[in-house]
Amino acid sequence: MPTKFTGDACPIIRTIDELWLLSGLKDLTDTTVVDIDLTEVKVKWEDIKIDCTTLFIGCTLSLETELALRAREANFLHVPKVLPFRPIRRNLYTWRELMEGYSPEQDNSADLKIYEHFEFGKRCPSINEALWQRLHDFSIDEGLRRLLDFSPSGLPKRKVVGFMGGHSTARTTEDYRRSLLTAKLLTEAGYFVVSGGGPGIMEAANLGAYLAGRSDEDINWVLATLSKAPTYKDKGFQEAAYAILDRFPDGAESLAIPTWFYGHEPSNLFATYIAKYFSNSIREDTLLAIALYGIVYAPGSAGTTQEIFMDATQNHYVTFDYVSPMVFLGKKRYTEDTQLFPLIEQLAAGRDYAKYLYLTDEPAQVVSFVDAHPPLFVE
């Protein structure tokens with residue numbers, strides 16, 4: 001996502017070490033200092049240039065120091081401690097952080113508490129609540145920038161391939177298995193898998209990436225374990241996931257980008273990095289935009305259909321400077337049950353992305369097609 005995930009217009013300081021570095025320059029104008037405890041460090045503030053463009057967000061410092069800096073027109077934003085989430089974050093989430101407090105008997109997880117807080121006022125949040133949510137989602141944007149590390153050309157250092165598909169797809173279906181194997185092969189081929197972070201196809205994608213390098217015997221054991229709780233509505237759904245993590249504690253990396261807008265669906269536990277947003281619209285656009293090495297569309301319903309057309313629009317108008325593969329994993333779904341693949345072919349006629357459309361049922365063919373169709377820069 002070149003226009004969104006390249007460098008900052010203003011420096012952001014997140015650690016004491018960064019503060020020393022910039023303090024050595026004696027200039028904190030046009031600079032934001034984020035979430036640092038400044039009470040334990042000695043800074044000669046009088047020697048540092050500060051003005052109305054200097055902003056401290058979520059920092060801890062003495063009242064005397066703050067008043068002195070305010071007198072020099074520095075701005076401050078203090079975060080309330082009663083929120084169930086941190087509006088200012090240095091890193092993306094992990095599943096362990098989101099699942100803290102969870103037990104099979106009662107879900108008191110941090111993830112659920114944040115969802116309940118969000119759900120209470122999501123239709124008409126107060127101005128303060130809206131501000132904290134926007135700051136939080138900006139922190140997630142920042143975390144993605146650092147993780148994906150976009151080059152000046154607009155491509156991420158990690159070769160991101162996205163997965164879309166039905167959230168209600170059971171773990172016992174062929175669509176789930178096929179998506180898992182496809183993500184596994186892509187990860188083994190050097191790609192970085194990203195999903196929407198929920199259950200169904202999204203879980204299959206992150207789990208497949210996690211199991212990169214594992215044997216067929218291991219895969220069969222995993223699928224048998226998951227079959228005990230096929231959908232997220234079944235008792236023991238998360239416990240089956242924990243059993244896999246216990247047996248295979250060290251999996252390959254992948255990314256999930258879920259949202260509390262669909263917080264009634266559990267986040268899957270197989271992504272290494274979780275960029276969870278409050279805003280679903282930002283989340284969907286971001287997920288599609290960063291997958292510059294392609295997106296795999298397993299069978300899904302209305303949400304997947306919407307994402308297909310959003311991705312086609314980005315390719316059609318080359319929104320982010322590159323044309324990327326659109327792989328439809330399910331011939332029956334996309335040519336018999338629906339006419340989505342022929343329709344996208346019609347839309348793409350005469351455009352650069354016409355050659356970047358592919359329909360298959362075979363995981364290995366997905367990898368071959370993505371390998372043969374790297375992101376195409378279009379002037």
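Being a predicted model, the structure only gives us computed values, none of them experimental.

Visitor: Got a sec to walk through the side chain of His373? Specific residues and values, please.
Guide: Relative to the helices and strands, His373 is located in the loop between helix 15 (363–372) and strand 13 (376–377). His373 sits in the buried class, given a relative accessible area of 18%. Side-chain polar atoms of His373 contact the backbone oxygen of Lys355, separated by 3.3 Å. In this view, His373 contacts Pro325, Lys355 and Tyr356; residues no more than four positions away in its chain are not counted.

Visitor: Give a description of the sheet that holds strand 7 (residues 255–256) that names residues and reports values.
Guide: Taken in spatial order, the seven strands of this open sheet run 8-7-6-5-9-11-12, and their pairing is parallel. On the outer flanks of this sheet lie strand 8 (273–274) and strand 12 (357–360), each paired with one strand and no other. Judged from the three bridges that link them, strand 5 (residues 160–164) and strand 9 (residues 295–297) form a sheet pairing that is parallel. Among the inter-strand pairings, Gly162 is bridged to a residue of strand 9, identified as Ile295.

Visitor: Outline the sheet that holds strand 1 (residues 12–13), supporting the account with residue identities and numerical values.
Guide: Either a parallel or an antiparallel arrangement is found when strands of a sheet pair, and the pairing is made through backbone hydrogen bonds. Ordered in space as 1-2-3-4, the four strands form an open sheet in which the pairing is parallel. A single partner strand is all that each edge strand has here, and the edge strands are strand 1 and strand 4 (75–77). Sheet analysis places strand 3 (residues 55–57) next to strand 4, joined by three bridges and oriented parallel. Its bridge partner lying in strand 4, Leu55 is registered against Asn75.

Visitor: Hey, could you go over the packing of aromatic side chains for me, with residue numbers and the actual values?
Guide: The description of an aromatic ring pair rests on the distance of the ring centres and on the angle between the ring planes. A full pass over the atoms with the stated rule returns 18 aromatic pairs. Aromatic pair Tyr210 and Phe270: ring centres 6.0 Å apart, planes at 55 degrees, arrangement tilted. Of this pair, Tyr210 sits in helix 8 (residues 201–210) while Phe270 sits in the loop between strand 7 and strand 8; the two residues are 60 residues apart in sequence, bridging distant segments of the chain. The exposure classification of Tyr210 matches that of Phe270, with both residues buried. One aromatic cluster is present, built from ring pairs that chain together Phe85, Tyr93, Phe118, Trp260 and Phe278. When the ring centre of Tyr191 is taken as reference, the NZ or CZ atom of Lys159 above it lies at 4.5 Å.

Visitor: A description of the pattern of salt bridges should follow, citing residues and the corresponding values.
Guide: In the structure shown here, the tally under the stated rule is 16 salt bridges. Of the charged contacts in the structure, one is a salt bridge between Arg146 and Glu142, with a shortest N-O distance of 3.9 Å. With Arg146 and Glu142 both in helix 6 (residues 127–148), this residue pair falls four residues apart, about one helical turn. A relative accessible area of 5% places Glu142 in the buried class. What emerges from the salt-bridge pattern is a single network uniting Arg14, Glu142, Arg145 and Arg146.

About the cut-offs
- Residues numbered from 1 in each chain as written.
- Predicted model: local features only at pLDDT ≥ 70, side-chain atom pairs only at ≥ 80, totals over all residues.
- Heavy atoms only, no water.
- Helix = DSSP H or I, 4+ residues; strand = E, 2+ residues; numbered from the N terminus.
- Buried < 20%, exposed > 50% of the residue type's maximum accessible area, 1.4 Å probe, protein only.
- Polar contact = N/O pair within 3.5 Å; in protein donor to acceptor, adjacent residues only side chain to side chain.
- Contact = heavy atoms within 4.5 Å.
- Pairing = 2+ DSSP bridges.
- Phe/Tyr/Trp six-rings, centres within 6.5 Å; stacked < 30°, edge-to-face > 60°.
- Lys NZ or Arg CZ within 6 Å of the ring centre and 35° of its normal.
- Salt bridge = Lys/Arg side-chain N within 4 Å of Asp/Glu carboxyl O.

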